[in-house]
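# Examining the three-dimensional arrangement
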Amino acid sequence: MSNQKKIVYIGTSGFPFGLAQVERQKLIAKGLLANKVGVLIISRYGIQPEGKEQAEFNSAEFEGIPFQYASGYTYRPNSFFRRNFLKFYGLVNEFFILRVQKKQYEGVVMLVSTLAFYNILYYKVISKLLGITMVIDNIEYFSSMQIPKSKFVKLDNYLYDNYSHKLADKVIGISDFLINVAKKGSPDKPVLKIPSIVDFSKFRSNAVEEQNFFLYCGQAAYFEVIAFIIDAFEMIDDRSFSLYLVSNGHPMDMQKLKDRISSSKKRDIIRLFSGVPFQQLVDLYMTSKALLIPLRNTRQDIARFPHKIGEYCAAGKPIVSTNIGEVASHFKDGVNAVLAETYDYRQFSEKMKTIIDNPELSATIGKNGFEFGKMNFDHLQLGAKIKDFIAE
């Protein structure tokens, strides 16, 4: 048996593809590996559509990160019977994979990132049976998310928000709000704040010539926020700046967004991008004049820390946001970001005008944001913090 520390990262399916949760999983894993901590990511079952072969699944590693599918199949079968059989098989086999890891390594720790409380219960049972420390990484306050939910999901969200930290041995949170929830419910529990996390080395581009456009990147499900940005953009008299929107999502959400753009008086200078490869997204970041990400004064936005904020810092462009939640904790208006005091589209429009009217100040703010992000959001430094936290 090796006495090496081994982190088994579980609870999220689909690695290495996915939205912010998978990106966070990927970057935490890379940060730990860079700090000489062994890592294995387990996906319980495949969620990528069957029939769409992806070369990344033909290896046991992705960008140096070892991963394994407990179901033994990396795609989501079209067959209802096979799909559900693999879900069950993956659930059971996950336990046996963890048991093998426990036999091979003396210092095994489960790092759990999940959206479901029933998974927390399952991993707690495994933790007790195998004698493995369980650390939970909390990224959302699920009860606050204003989306259609069944009664079961509402109950699961409530249990997750109020009891997951009680079942964990240690808690990682993405925001002060989530850290305070864990401290209040479990005052003796070790906690660590890990905010937005980014691999700064990936933000390089040959497309270095700036163009006059603002950029927002976010899911079409956040239509309220995108409509807010369009409202603010429409208030600007200057037509020398365009608005670029990078968005994906459900066809109904995308159509709603397209309809809003079509109805805009500035529709000729608003561009919508979808399905953008990562390097093209980086190119858009780095040729923009400013990057937009307004946060609302809601419990959901106060509790979260959008992954895009870290990416925006890495691009070295000024961030235009609102003085709310984690943005208020990390950034200062006119220093390392441009911040509207409240979630008001008129105020936000004025801050967008600041970018247009003050190009030299904007460049300085972007540079300061980069330096701040490098100190606080870089995956190598945060990986070292997690290593020390788990070793305590």
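Throughout what follows, the structure given in this document is the object of discussion.

Conventions used here
- Residues numbered from 1 in each chain as written.
- Predicted model: local features only at pLDDT ≥ 70, side-chain atom pairs only at ≥ 80, totals over all residues.
- Heavy atoms only, no water.
- Helix = DSSP H or I, 4+ residues; strand = E, 2+ residues; numbered from the N terminus.
- Rg over C-alpha atoms; globule rule 2.2 N^0.38 Å.
- Buried < 20%, exposed > 50% of the residue type's maximum accessible area, 1.4 Å probe, protein only.
- Contact = heavy atoms within 4.5 Å.
- Lys, Arg positive; Asp, Glu negative; His and termini not counted.
- Charge placed at Lys NZ, Arg CZ, Asp CG, Glu CD.
- 1 Å grid on protein atoms, 1.4 Å probe; cavity = no way out; pocket = protein on both sides within 12 Å on 5 of 7 lines; lining within 4 Å.
- Points joined across faces, edges and corners; volume = space filled by probe spheres on them.
- Pairing = 2+ DSSP bridges.
- Axes fitted to C-alpha atoms, helices over the stretch in contact; angles between N-to-C directions.
- Left-handed = near helix turned anticlockwise from the far one by under 90°.
- Nonpolar A, V, L, I, M, F, W, Y, C, P; charged D, E, K, R; others polar.
- Phe/Tyr/Trp six-rings, centres within 6.5 Å; stacked < 30°, edge-to-face > 60°.
- Salt bridge = Lys/Arg side-chain N within 4 Å of Asp/Glu carboxyl O.

Let us look at the overall build of the protein. Counting its regular elements, the protein contains 14 helices and 16 strands. In terms of overall dimensions, the protein is globule-like: its C-alpha atoms have a radius of gyration of 22 Å, near the 21 Å expected for 392 residues. On the principal axes, the C-alpha backbone points of the protein span a range of 65 × 45 × 45 Å. The proportion of buried residues among the 392 residues of the protein is 54%. Taking as baseline every contact in the protein between residues at least 6 positions apart, the subset at least 24 positions apart corresponds to 74%. The positive charge centre, built from 50 side chains, and the negative charge centre, built from 40, are 6 Å apart in the protein.

Time to look at the layout of surface pockets. What the second largest pocket holds in volume is close to 280 Å³. Forming the walls of the second largest pocket are 19 residues, and the residues nearest its centre are Glu210, Gly316, Lys317, Pro318 and Ala363. Among the secondary structure elements, those contributing two or more residues to the lining of the second largest pocket are α10 (307-315), α12 (345-357) and α13 (359-376).

What follows deals with the sheet that holds strand β11 (residues 213-217). Across a sheet, paired strands are connected by hydrogen bonds in the backbone, their directions being either parallel or antiparallel. One open sheet holds the six strands; their spatial order is β13-β12-β11-β14-β15-β16, and the pairing between them is parallel. At either margin of the open sheet sits one strand with a lone partner, and together these are β13 (270-273) and β16 (338-340). Taking each pair of neighbouring strands and ignoring which way they run, the sheet shows an average axis angle of 25°. Of the pairings in the sheet, the one linking strand β15 (residues 319-322) to β16 comprises three bridges and is parallel in character. Within β16, the residue paired with Thr322 across the bridge is Ala340.

For the rest of this paragraph, the subject is the packing of helix α2 (residues 80-104) against helix α3 (residues 117-130). Viewed as axis vectors pointing N to C, α2 and α3 meet at an angle of 35°, and their least axial separation amounts to 11 Å. Crossing of α2 over α3 shows right-handed handedness. On α3, the residues touching Leu91, Val92, Glu94, Phe95, Leu98, Arg99 and Lys102 of α2 are Tyr122, Tyr123, Ile126, Leu129 and Leu130. Partitioned by chemical class, the residues of the contact of α2 with α3 number nine nonpolar, no polar and three charged.

Let us look at unusual backbone geometry. Omega for the bond connecting Phe15 with Pro16 falls within 30 degrees of zero, at 10°, which places this linkage in the cis form. With respect to the helices and strands, Pro16 occurs in the loop between β1 (2-10) and α1 (20-34). Even without a glycine there, the phi angle at Lys36 is positive, about 65°. Structurally, Lys36 is set in the loop between α1 and β2 (38-43).

So, about the packing of aromatic side chains. To describe a pair of aromatic rings, one takes the distance between the centres and the angle between the planes. Considering all chains together, one arrives at 25 aromatic pairs under this definition. Centroid distance Tyr73 to Tyr75: 5.8 Å. Interplanar angle 65°. Geometry classified as edge-to-face. Aromatic rings pair up to connect Phe15, Phe17, Phe57, Phe62, Phe67, Tyr69, Tyr73 and Tyr75 into one cluster.

To continue, consider the pairing of β2. Among the six residues in β2, six count as buried, and that is most of the element. Residues Gly38, Leu40 and Ile42 point to one face of β2 and Val39, Ile41 and Ser43 to the other, with burial holding for every one of them. By the bridge criterion, three bridges tie β2 to strand β5 (residues 65-69) in an arrangement that is parallel. Paired with Ser43 across the two strands is Tyr69, which belongs to β5.

It is worth spelling out helix α8 (residues 278-287) at this point. Those residues of α8 lying buried are Leu281, Val282, Leu284, Tyr285, Met286 and Thr287. Tucked into the core, α8 has its buried residues touching β11, β12 (242-246), β13, β14 (290-292) and α10.

The element β11 is extensively covered by neighbouring structure, given that five of its five residues are classed as buried. On β11, burial covers both faces: Phe213, Leu215 and Cys217 on one face and Phe214 and Tyr216 on the other are all buried. The pairing of β11 with β12 spans five bridges and is parallel. Following the sheet pairing, Leu215 is matched in β12 by Tyr244.

All right, on to the pattern of salt bridges then. Once their charged atoms are close, side chains differing in charge can pair, the charge on each being opposite to the other. Under the definition given, this model contains 22 salt bridges. Of the charged contacts, one joins Arg346 and Asp344 as a salt bridge, the two residues approaching to 3.0 Å between their closest N and O atoms. Through salt bridges with shared partners, a single network forms among Lys30, Glu63, Asp199 and Lys202.

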